[in-house]
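Fold and contact review
The residues making up each chain are set out below.
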Amino acid sequence: MDIEKLEAAAAAQGATVKSLKNSGAGKEEVEAAVAGLVAAKKALADAITAALAALPEGAPEAEALKAKLPPPPKPSNKDKKAAKDGDAAKEAARKAAEEQKLAARAKKKEAAAAKGVKEGGGKGGPADKGADGAKPDGAASKAPAAKPNGSGAAAAAPVHAKPMSNKNYELHFGAAAPPLLAVVAARLVRQEVALRRIDPKALPSGCDSVLYLPGGSRSLRGCGAIARYFARLAPPELGAYGAAGDALSASEVDEWIEWLSASGPPAAATPPLLARLARHLRMRSFVTGHAASLADAAAWLLLRQLPAPDKACSGAGVHVARWWGCVEALPAFKEAAQLLFGAAKDAGSLEIPLPNAERGKVVTRFAPEPSGHLHIGHVKAAMLSAHFATQYEGKMILRLDDTNPSKEKGDYETAIVGDLQRLDILPAKVTHTSDYFDKILKLATKMLQDGIAFIDPSPKEEQQALRLQRKPSPHRDAAVEENLRLWAEMQAGSAEGVKCCMRAKIDPASDNGALRDPTIFRCNLEPHHRTKDKYKVYPTYDLACPIVDAWEGVTHALRDRQYSDRDHQYVWFQQALQLRKVDLWGFSRINFVKTLLSKRKLQWLVDEGRADGWDDPRFPTVAGILRRGMTVQGLKAFILSMGASKNTNLMGWDKIWAFNKAVIDPSVPRYTALLADGLVPLSLEGAPPAPFAETMAAHPKDESLGKKVRFFGPTVLLQAEDAALIAEGEEVTLMSWGNAIVRKAVAENGSLKRLDGQLHLEGSVKSTKKKLTWLADTPDLVDVELVDLDFLLTKDKVEEEDDIKQVLNDHTKFVHRGRGEAAMRQLRRGDILQVERRGFYICDEPYVRPGDPIRLLFVPDGKSFFGVPPPKK
């Protein structure tokens, strides 16, 4: 989740807290909201800290990021009292520890004197004590390799393989019996721990694992004790041991761990666990508290040992499936799965070796031309380059290949940098090919002098014809002096010079067309957006790329396999110019049906007014698809599913939107909006005579997503097509309220005008066939526009020679007027929501004033591309 969304989430949670306090809500409800606010601010602070760490030293945006850091939460009176009591307890503990140390030293001296050994050097001393003679608290017993452990006795003691001066935590365990829960706990609280698989015989008798604290003087035995220690070590707001400051929540963590430990092997324990989770998670995101805790880890560990855990959890109901998908996606659980279970990543895993890669030395680069905005075709190259740099602890360079002043603009450079930030890609540095123009010009002159390049004054058409015939240019063997003269004319931009180009001498008869003496310099008299009128000649991408890659220290250049013929050209330039070798690594580009990726044609659509701009939600640009409701997490998950595949296929958009749905479904609020045409009022006997409001969860299955205010009244509005299907005397369910019995339907001229009914809140929602969305007929309703978007093209695959005008779809935007609940006024631009029984939408225009509708764009979910189905043709 990006920083802007985390800021918005924190602000929304803060507004909820303020609203609850002002409305006189109950203490427990306010405290739960405050805990959610603390967690939201913690997530925001973590994201900003991570972003700052990724920035190069002295980066100008660092100050802006620091300004966004939320202030630490103010301690409550309860916290202050607890801190005061804690300080007193710490002081007492410190004094007791000092007294113990003095007593231990005295005993040690006596023992050393009695045995005649020098103080501090012999093998004597208490065998079951640390260096200070104290035993840390803890409780654990040896656990079977396939069970998360959490109960039994634990003791603190050095073992035979005790590290004498470890600077960090060291966890020693038998190779065949890893302490699963302890490892996951360490990952969960982001604690660095060195894992040491050792011979079980080297462990103390009856012990499956030992944790050595920094310094090696103290230790903890047993998986459960170690796991609890790490959970207690974490900041309370992280929620590893339940909700912060909540003793009951911490005790629930203990209860779950103990229950799971006593439940038997996974095969026997799974049915009762899934049944309990299905009940327990109906109104919770996690087992305890507002974040993944040790209890979640213990449940996850047991299920992770099943042959098909995904299938088991999906079969246990929506609540368990939602929870499973959430915890499976957390980095702590991913790392533990790969480490402890040997879990393979997705079939399209990016964890593949690069040739000749050395950890800490890998340098990749992403080199787009600043002639337009980034689109879906660039995303894979950018994400792969960033991924490999991260995987090998190296760096990625963003190089803007500004070698064609006719197409490039500074505005496009700004847009590209912004698009990468939206994709959570932060390059180590940003460079330009134009930074090296002077050096490349000198190198080009040397190529002429060395006879490996020549100036060709032939017309372009003649050059192309000779290439096709595999014949050399008549100017290929011109004298060096003549080549240098024409080169000077080119650099001056003279009438004679602009007719020439520089070509490399490779092989005019080659089977590979890219090697038939390719053009490497051209004249261009248009001002460059950075260098202005300084240069009249510019290198081609094919020449500049291998040169600058070598000069900038790039170790691995990722290239689209569509241009694999040019790889041989790339290698030739580096060898001929005696440059450092750069390893090439090819990948397939992403091709989607009915999608236009040509920057020139996209620009034409913008210029002709057929699109709103480069961020038009119908565009395949990064800005466009994010505006349409694609999330960065969904996009990354899709790329990961493809991995580094080298197969080029024409893909439908359904798969990528399905990945996105998996991200947003459990994490976006629910609202009600109805189409304005044909709303039918339902009068409810037994309802309060005046409208009233209630605060309820914004997501019925996840209270952590905040609250909203819902209005109720004696008359509610129904969608016309829903009302038309209700029979007189039928009992229906009004979602989020209860049942009602429809007594009478009133029609005029064959059209249904209203319904009369009676509230029947004691009725069972399970007994009704119709679950209806509704709105209370009150003045607080807001106007909304529900917008559906279709493909811009009518043809699946557009060829270069296709006339764009002939394949354009003339009708791509469908706007439906609607009415929405009052709580939709809180939506911000970019917020994703689910409109009940309609689908997912993203807020494109928020509420400003009465009369200006909220504009919501439909977000495809892999199955539906329209929120309001179009009429059948």
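The notes below deal with the structure included here. (Residues numbered from 1 in each chain as written. Predicted model: local features only at pLDDT ≥ 70, side-chain atom pairs only at ≥ 80, totals over all residues. Heavy atoms only, no water.)

Brief notes about the nonpolar core
- Within the largest apolar cluster, 57 residues are counted, with the highest numbers of intra-cluster contacts made by Trp300 and Trp323.
- Looking at this core, the elements that each hand over two or more residues are strand 1 (169–174), helix 5 (180–188), helix 6 (223–233), helix 7 (247–261), helix 8 (266–280), helix 9 (294–304), helix 11 (318–329) and helix 12 (331–340).
- Of all the elements, helix 9 adds the most residues to this core, at 9 residues.
- Ranked by size, the runner-up nonpolar core spans 50 residues in total, among them Leu374, Ala381, Leu420 and Ile832. (Core = buried A, V, L, I, M, F, W, Y, C linked by side-chain atoms within 4.5 Å. Buried < 20%, exposed > 50% of the residue type's maximum accessible area, 1.4 Å probe, protein only. Helix = DSSP H or I, 4+ residues; strand = E, 2+ residues; numbered from the N terminus.)

Focus on the sheet that holds strand 3 (residues 209–212)
- Judged by pairing direction, the sheet is mixed, and its 4 strands sit side by side in the order 2-1-3-4 without closing on themselves. Both outer strands of the open sheet, strand 2 (193–198) and strand 4 (219–221), are each paired with one neighbouring strand and no more. When the angles between neighbouring strand axes are averaged without regard to direction, this sheet yields 20 degrees.
- Here strand 3 runs beside strand 4; their pairing, made up of 3 bridges, is antiparallel. Bridge pairing links valine 210 to arginine 221 in strand 4.
- Seen against the sheet, helix 6 touches strand 1, strand 2, strand 3 and strand 4 and runs at an angle of roughly 35 degrees to strand 3. (Pairing = 2+ DSSP bridges. Axes fitted to C-alpha atoms, helices over the stretch in contact; angles between N-to-C directions. Contact = heavy atoms within 4.5 Å.)

Description of the pattern of salt bridges
- Considering all chains together, one arrives at 37 salt bridges under this definition.
- We note a salt bridge from aspartate 549 to arginine 365, for which the minimum N-O separation is 2.9 Å. Of this pair, aspartate 549 sits in helix 18 (residues 541–551) while arginine 365 sits in strand 5 (residues 363–366), and the two are 184 residues apart along the sequence. Of the two residues examined, aspartate 549 and arginine 365, each falls in the buried class. (Salt bridge = Lys/Arg side-chain N within 4 Å of Asp/Glu carboxyl O.)

Details of the sheet that holds strand 17 (residues 673–675)
- As summarised here, the arrangement of the 7 strands in space is 16-29-30-31-27-28-17, forming an open sheet in which the pairing is mixed. Every interior strand has two partners, whereas the edge strands, strand 16 (670–671) and strand 17, have only one.
- As paired strands, strand 27 (residues 782–789) and strand 31 (residues 854–859) are joined by 4 bridges and run parallel to one another. Its bridge partner being in strand 31, glutamate 785 is matched across the sheet by arginine 855.
- Together, strand 29 (832–835), strand 30 (839–845) and strand 31 form the strand contacts of helix 23 (residues 654–664), whose direction differs from that of strand 31 by roughly 120 degrees.

What to know about the environment of alanine 727
- Within the secondary structure, alanine 727 is located in the loop between helix 24 (720–724) and strand 22 (731–734).
- Spatially, the C-alpha atom of alanine 727 lies 8.6 Å from that of arginine 743, the residues being 16 residues apart in sequence.

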